[in-house]
Amino acid sequence: MDDTLKLSILDRMKQQTGHTGFYYKNLITGEELGYQENEPYLAASVIKLPIFMCISKWASEGKCSMEEKIHVRQEDKLPICGALTLFTDELDVDIRTLCKLMISISDNAATNLLIRRFGIPAYVEEFRNIGLSDTKLNRPLFDAEASAAGIENYIVPKEMGMLLEKIYRRTFVSEQVSKDIEDVLLLQQINHKICGVICDAVPVAHKTGEDEDLTNDVGLIYAKQPFVACFAGHDTSVPDFENLIRHVSAELLAACNEEA
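Predicted, not measured: the structure shown is a model, and the values here were computed from it. (Residues numbered from 1 in each chain as written. Predicted model: local features only at pLDDT ≥ 70, side-chain atom pairs only at ≥ 80, totals over all residues. Heavy atoms only, no water.)

Enquirer: So what about the overall build of the protein chain? Which residues, and what values?
Expert: In terms of regular secondary structure, the protein chain is built from 10 helices and 9 strands. For the protein chain, whose C-alpha radius of gyration is 18 Å, the value lies close to the compact-globule estimate of 18 Å for 260 residues. C-alpha extents for the protein chain along the principal axes are approximately 55 × 40 × 35 Å. Relative to its 260 residues, the protein chain shows a buried fraction of 54%. (Helix = DSSP H or I, 4+ residues; strand = E, 2+ residues; numbered from the N terminus. Rg over C-alpha atoms; globule rule 2.2 N^0.38 Å. Buried < 20%, exposed > 50% of the residue type's maximum accessible area, 1.4 Å probe, protein only.)

Enquirer: Help me get a handle on the pairing of strand E4 (residues 69-72), residues and values and all.
Expert: Regular strands have side chains that alternate between both faces of the sheet. Alternating positions in E4 separate cleanly, Ile70 and Val72 being buried on one face and Lys69 and His71 remaining unburied on the opposite face. Pairing geometry for E4 and strand E5 (residues 91-94), over 4 bridges, is antiparallel. Bridge pairing links isoleucine 70 to valine 93 in E5. (Pairing = 2+ DSSP bridges.)

Enquirer: I'd like a description of unusual backbone geometry, backed by residues and values.
Expert: The backbone of arginine 170 shows a phi angle near 65°, a positive value even though the residue is not glycine. Inspection of the secondary structure assignment puts arginine 170 in the loop between helix H7 (157-169) and helix H8 (175-185). Look at aspartate 235: it is not a glycine, yet its phi comes out positive at around 55°. Examined against the element boundaries, aspartate 235 turns out to sit in the loop between strand E9 (227-234) and helix H10 (238-258). What makes aspartate 235 exposed here is its relative accessible area of 58%.

Enquirer: Summarise the packing of aromatic side chains; cite the residues concerned and give the values.
Expert: Applying the stated rule across the entire model yields 6 aromatic pairs. With 6.2 Å between their ring centres and 85° between their planes, phenylalanine 118 and tyrosine 123 make a pair best called edge-to-face. You'll find phenylalanine 118 and tyrosine 123 in the same group, each marked buried. Ring pairs connect the aromatic residues Trp58, Phe118 and Tyr123, which therefore count as one cluster. Its guanidinium or amino end placed over the ring of phenylalanine 118, arginine 117 lies 4.5 Å from that ring's centre, counting from NZ or CZ. (Phe/Tyr/Trp six-rings, centres within 6.5 Å; stacked < 30°, edge-to-face > 60°. Lys NZ or Arg CZ within 6 Å of the ring centre and 35° of its normal.)

Enquirer: Could you give me a rundown of the sheet that holds strand E8 (residues 214-221), with the residues and numbers involved?
Expert: Reading across from one edge, E2-E1-E9-E8-E7 is the order of the 5 strands in this open sheet, with antiparallel pairing throughout. What marks the edges here is a single partner per strand, and that holds for strand E2 (32-35) and strand E7 (204-211). Each strand axis lies, on average, 5° off the axis of its neighbour in the sheet, ignoring direction. Where strand E1 (residues 19-26) lies against E9, 8 bridges are found, and the strand directions are antiparallel. When the sheet's bridge partners are listed, tyrosine 24 is paired in E9 with alanine 229. Its contacts with the sheet place H7 against E1, E2, E7, E8 and E9, and it is angled at close to 150° to E9. (Axes fitted to C-alpha atoms, helices over the stretch in contact; angles between N-to-C directions. Contact = heavy atoms within 4.5 Å.)

Enquirer: Which residues make up the nonpolar core, and what values do they have?
Expert: Of all hydrophobic cores here, the largest spans 55 residues; its most connected members are Ile51, Ile55, Leu84, Leu114, Tyr123, Met160 and Leu164. Sort the elements by how many residues they give to this core and helix H2 (residues 48-60) lands first, with 7 residues. Each residue touching tyrosine 123, except ones within four places of it in the same chain, is listed here: Ile51, Cys54, Ile55, Trp58, Leu114, Ile115, Phe118 and Leu137. Of all hydrophobic cores here, the second largest spans 28 residues; its members include Ile194, Val202, Phe227 and Ala229. (Core = buried A, V, L, I, M, F, W, Y, C linked by side-chain atoms within 4.5 Å.)

Pasting the structure below:
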């Protein structure tokens, strides 16, 4: 990437309101670029990526089965994102399907069921095991009481980049586990940020997150020289930051295609 583009990206990041961060790594050359990339950010739904990776690891170790069924009660159904809340009746759903719903359409009910199934302490320990230091799962989603007490979930852009790089290199647990995770990330249906300008030019395996004054997107972009791009921001102008995410992602794609 030429210096002009690097300086332009960093300058635009600095102009964003609130707390914003960015991490990029070219997975062929090893070139990196970051802005406040080691700081924690409110996670929103990007916390679902390490949750999914923990469950995939446990399944590979025989600690759980992806075919295990979990009963979805009426009180488990959460608003906004997802499909489970639309079912009239209660139902039984296997863990594999809950993981796919959690990632591809960011199903919040599926996420909380998976958090409850294994328990936050298990995730806290496994987050450390897979190399996460400041990415934290501290509460279920839509826990208003915990949120009011200042208990939040956090992600770190560079740590998300590390996880995505392991998936790309097939070093997360095993080649098969890494590929299975990548296949689900490629099913992502919320595509207005990293993919907003790129569209279908290349495959993008990613996970988004959004809330009031908060927007995140972290992904693997399969340019001729594949790269990771991780964006996180809270207390920010969502339209402005999402516009930056769209255009910076497209500029990085163009640069990584030219350099191949």
